[in-house]
Amino acid sequence: MAKESISIKNRDKTNLSEPGKYAVIFHNDDFTTMDFVVMVLVDIFHLSQPEADAVMLKVHHEGKAIVGIYSYDIAQTKSRRAISCARENHYPLRVTVEKANG
């Protein structure tokens, strides 16, 4: 009977980490209406009416506000959808995506 050899492979440890988080930010302008901003926040970002009103007022009074924090792909998709909707309605809404702190 032949002797079988058994080999054991050591696995390299892989450093896995949580995917980065990205903030979607709305910027104030003098043309996009408050009602339109609230509609986008409710329809695209799924904020409640009170949350959308609060974010819209923060954008209006402070010049910008974080709308939500997401993974990179979701942040980019929501940002593009918001900009596309704004352009279709002839608004210059400015939306940016930045790496979130933390």
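In short, a report on the structure. (Residues numbered from 1 in each chain as written. Predicted model: local features only at pLDDT ≥ 70, side-chain atom pairs only at ≥ 80, totals over all residues. Heavy atoms only, no water.)

1. Thoughts on the sheet that holds strand E3 (residues 94-99)
Logical step 1: As summarised here, the arrangement of the three strands in space is E2-E1-E3, forming an open sheet in which the pairing is antiparallel. Edge positions in the sheet fall to strand E2 (64-71) and E3, since each has one partner strand and no second. For this sheet, the mean angle separating the axes of adjacent strands, direction not counted, is 25°.
Logical step 2: Judged from the six bridges that link them, strand E1 (residues 21-27) and E3 form a sheet pairing that is antiparallel. (Pairing = 2+ DSSP bridges. Helix = DSSP H or I, 4+ residues; strand = E, 2+ residues; numbered from the N terminus. Axes fitted to C-alpha atoms, helices over the stretch in contact; angles between N-to-C directions.)

2. Description of the nonpolar core
Logical step 1: Grouped together as the largest cluster of nonpolar side chains are 24 residues, with contacts concentrated most on Val24, Phe26, Val40, Leu41, Phe45, Val55 and Ala82.
Logical step 2: Of all the secondary structure elements, the ones that give two or more residues to this core are E1, helix H1 (34-43), helix H2 (49-62), E2 and helix H3 (72-88).
Logical step 3: With five residues, the top contributor of residues to this core is H1. (Core = buried A, V, L, I, M, F, W, Y, C linked by side-chain atoms within 4.5 Å. Buried < 20%, exposed > 50% of the residue type's maximum accessible area, 1.4 Å probe, protein only.)

3. A short note on the packing of H1 against H2
Logical step 1: It is the contact of H1 with H2, at a shortest axis distance of 9 Å, that shows an interaxial angle of 130°. Judged by the inter-axis angle, H1 sits oblique to H2. Relative to H2, H1 is oriented so that their crossing is right-handed. Residues Met34, Val37, Val38, Leu41 and Val42 of H1 form the contact with H2, whose participating residues are Gln49, Ala52, Asp53, Val55, Met56 and His60. (Parallel < 35°, antiparallel > 145°, perpendicular 65-115°, else oblique. Left-handed = near helix turned anticlockwise from the far one by under 90°. Contact = heavy atoms within 4.5 Å.)

4. With respect to the packing of H1 against H3
Logical step 1: The geometry of H1 relative to H3 is characterised by a closest axis approach of 11 Å and an angle of 145° between their N-to-C directions. Both H1 and H3 take part in a crossing whose hand is right-handed. Residues Phe36, Met39 and Val40 of H1 form the contact with H3, whose own contacting residues are Ala82, Cys85 and Ala86.
Logical step 2: Considering only residue class, the contact of H1 with H3 consists of six nonpolar, no polar and no charged. (Nonpolar A, V, L, I, M, F, W, Y, C, P; charged D, E, K, R; others polar.)

5. Topic: the side chain of Thr96
Logical step 1: Within the secondary structure, Thr96 is located in strand E3.
Logical step 2: A relative accessible area of 17% means that Thr96 is categorised as buried.
Logical step 3: Engagement of the side chain of Thr96 in a polar contact is seen with the side chain of His27, the distance being 2.8 Å.
Logical step 4: Ignoring sequence-local partners within four residues, the contact set of Thr96 consists of Ala23, Val24, Ile25 and His27. (Polar contact = N/O pair within 3.5 Å; in protein donor to acceptor, adjacent residues only side chain to side chain.)

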